[in-house]
2 protein chains.
Amino acid sequence: MSLDRRSGCPINLSLEVFGDRWSLIILRDMIFGGRRHFRELLNGSMEGIASNILADRLKRLMELGMLTKADDPSHKQKAIYSLTEMAITLVPILAHLGAWGRVWLPTSDELSIRAELLEKGGPPMWEKFMGELRHEHLGTPLDTPSGPSVRATLRAAYEAVVASKTLSAGPTT
Amino acid sequence: MSLDRRSGCPINLSLEVFGDRWSLIILRDMIFGGRRHFRELLNGSMEGIASNILADRLKRLMELGMLTKADDPSHKQKAIYSLTEMAITLVPILAHLGAWGRVWLPTSDELSIRAELLEKGGPPMWEKFMGELRHEHLGTPLDTPSGPSVRATLRAAYEAVVASKTLSAGPTT
DNA sequence: TGCAACTGATTTCAAAATGCAATCAGTATG
DNA sequence: CATACTGATTGCATTTTGAAATCAGTTGCA
């Protein structure tokens, strides 16, 4: 899990940054799930990451300049992890990745609705989302605060699908 | 290197397909380098893939439906690997990945010129490229054969940078 | 015919990464 | 003062990786 610099090819270097099974999962949970703390990432991860792997990847992502860490005033041992601009600009890649996976892989309905929405929203929606992430993580002022946040929109869509599934296949008593 | 199905999330499933250090490198060499044979991929890879890893990944990519294999008429032991539509639609992802890496990672000039061109070309260029790949790998007719192929354009740009570097820093005798 | 080079792999084995469970010391809470 | 929570770390078994050597069959050439 170190940076080999096998070649100066952009695709290769990108792979060396997040060409493993966990780094992008962590960034996904921070970006789409809004998670900022170790425990949130540990327990909230759908895929069940182990604590040693999480600690290792957080450290590595910090060394790579994708994350920063700050003290949480509410608890002396609590740390808040923030995305850097480098990580925030992954949004279009994650959007494409989700769109591709939705088409070609056996994704579940409730989880793919967000990818679908993000794909349909296109670059304008990605830009809006990145603006919101910059606001949350870097303190940048929100340029055009129009309507509900992208994350809220995505979550609402997710919950709507879950609700409709519960209705159609739920308890009949 | 098997498909765990840790969750039905599109991003997670995509990661399970090419969230390793070699699968995307192989696909990159096939897509941008036009490589179709085992030896071409083995010796042509800038990153120096080992033959057992290459054999394993080719097999895995076939099982996943990203590649197909056919006999080469010129040699009874020779095989030709072809991209499937599933793999061809990775072009936009590779383009984004290259663009991101070019901005944030220490890429070399001659290798990043292709990523830059592909980024500037945008979706129209990607579509043209995918059309050409479909023609090469799936036998689909070329819809609008306008000008030189995308691959040739990218290669020409690469060679131009290499040449200019040789000029400015080359031998003075 | 003989022999070297080439074909797509496979074998072997050491090193590294992974994953799970238990554990850690410091901090807040009741 | 006991209990739960904070971000980790440790130990250890399993899995994956990677490099070199090797494989059997095929081809080209002398």
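Further up the page is the structure itself.
Residues numbered from 1 in each chain as written. Chains lettered and ligands numbered in written order. Predicted model: local features only at pLDDT ≥ 70, side-chain atom pairs only at ≥ 80, totals over all residues. Heavy atoms only, no water.

### A look at the pattern of salt bridges
Then comes step 1: Enumeration over the complete set of coordinates arrives at 26 salt bridges over all chains.
Then comes step 2: Of the charged contacts, one joins Arg28 of chain A and Asp29 of chain A as a salt bridge, the two residues approaching to 3.1 Å between their closest N and O atoms. The burial state of Arg28 of chain A is the same as that of Asp29 of chain A; both residues are buried.
Then comes step 3: Close ionic contact of Arg102 of chain B with Glu119 of chain B constitutes a salt bridge, the shortest N to O distance being 3.5 Å. (Salt bridge = Lys/Arg side-chain N within 4 Å of Asp/Glu carboxyl O. Buried < 20%, exposed > 50% of the residue type's maximum accessible area, 1.4 Å probe, protein only.)

### Concerning helix α4 (residues 51-63) of chain B
Residue and element names in this part refer to chain B.
Then comes step 1: Here α4 contains 13 residues, and its C-alpha end-to-end distance of 18 Å stays within 8% of the 18 Å for a straight helix at 1.5 Å per residue.
Then comes step 2: Leu54, Arg57, Leu58, Arg60 and Leu61 are the residues of α4 that are buried. Along the long axis of α4, the arc covered by the buried residues comes to 165°, so they all point the same way. Turned more than 90 degrees from where α4 packs its buried face, Asn52, Lys59 and Glu63 sit exposed.
Then comes step 3: Buried positions along α4 lie against α1 (10-18), α2 (23-33), α3 (38-44), β1 (67-71) and β2 (79-83).
Then comes step 4: A positive phi of about 85° marks Gly65, the residue just after α4. (Helix = DSSP H or I, 4+ residues; strand = E, 2+ residues; numbered from the N terminus. Expected span 1.5 Å × (residues − 1). Arc of directions from axis to C-beta. Contact = heavy atoms within 4.5 Å.)

### Considering the protein's contact with DNA strand D
Then comes step 1: Around DNA strand D, a shell composed of 22 residues is seen, among which Arg39, Gln77 and Tyr81 of chain A together with Trp22 and Asn52 of chain B lie nearest.
Then comes step 2: In the interface set of DNA strand D, defined as its atoms within 4 Å of the protein, sugar plus phosphate atoms amount to 57%.
Then comes step 3: The contact in question runs from a phosphate oxygen of DNA strand D to an N or O atom on the side chain of Lys69 of chain A, over 3.1 Å.
Then comes step 4: Those elements that place two or more of their residues in the surface near DNA strand D are α3 (38-44), α4 (51-63) and β2 (75-83) of chain A together with α4 of chain B.
Then comes step 5: It is β2 of chain A that provides the largest number of residues to the surface near DNA strand D, a total of 5 residues.
Then comes step 6: Of the residues assigned to the surface near DNA strand D, the class counts are 8 nonpolar, 9 polar and 5 charged. (Near = heavy atom within 4 Å. Polar contact = N/O pair within 3.5 Å; in protein donor to acceptor, adjacent residues only side chain to side chain. Nonpolar A, V, L, I, M, F, W, Y, C, P; charged D, E, K, R; others polar.)

### Structural notes on the packing of aromatic side chains
Then comes step 1: Scanning the model with the defined rule gives 4 aromatic pairs over all chains in all.
Then comes step 2: Aromatic pair Phe32 of chain A and Phe129 of chain A: ring centres 5.5 Å apart, planes at 45°, arrangement tilted. Here Phe32 of chain A is found in helix α2 (residues 23-33), whereas its partner Phe129 of chain A is found in helix α7 (residues 109-138), with 97 residues between them in sequence.
Then comes step 3: Taking relative accessible area as the criterion, Phe129 of chain A reaches 0% and is therefore assigned buried.
Then comes step 4: One Lys or Arg, Arg6 of chain A, reaches over the ring of Trp22 of chain B and ends 4.3 Å from the middle of that ring. (Phe/Tyr/Trp six-rings, centres within 6.5 Å; stacked < 30°, edge-to-face > 60°. Lys NZ or Arg CZ within 6 Å of the ring centre and 35° of its normal.)

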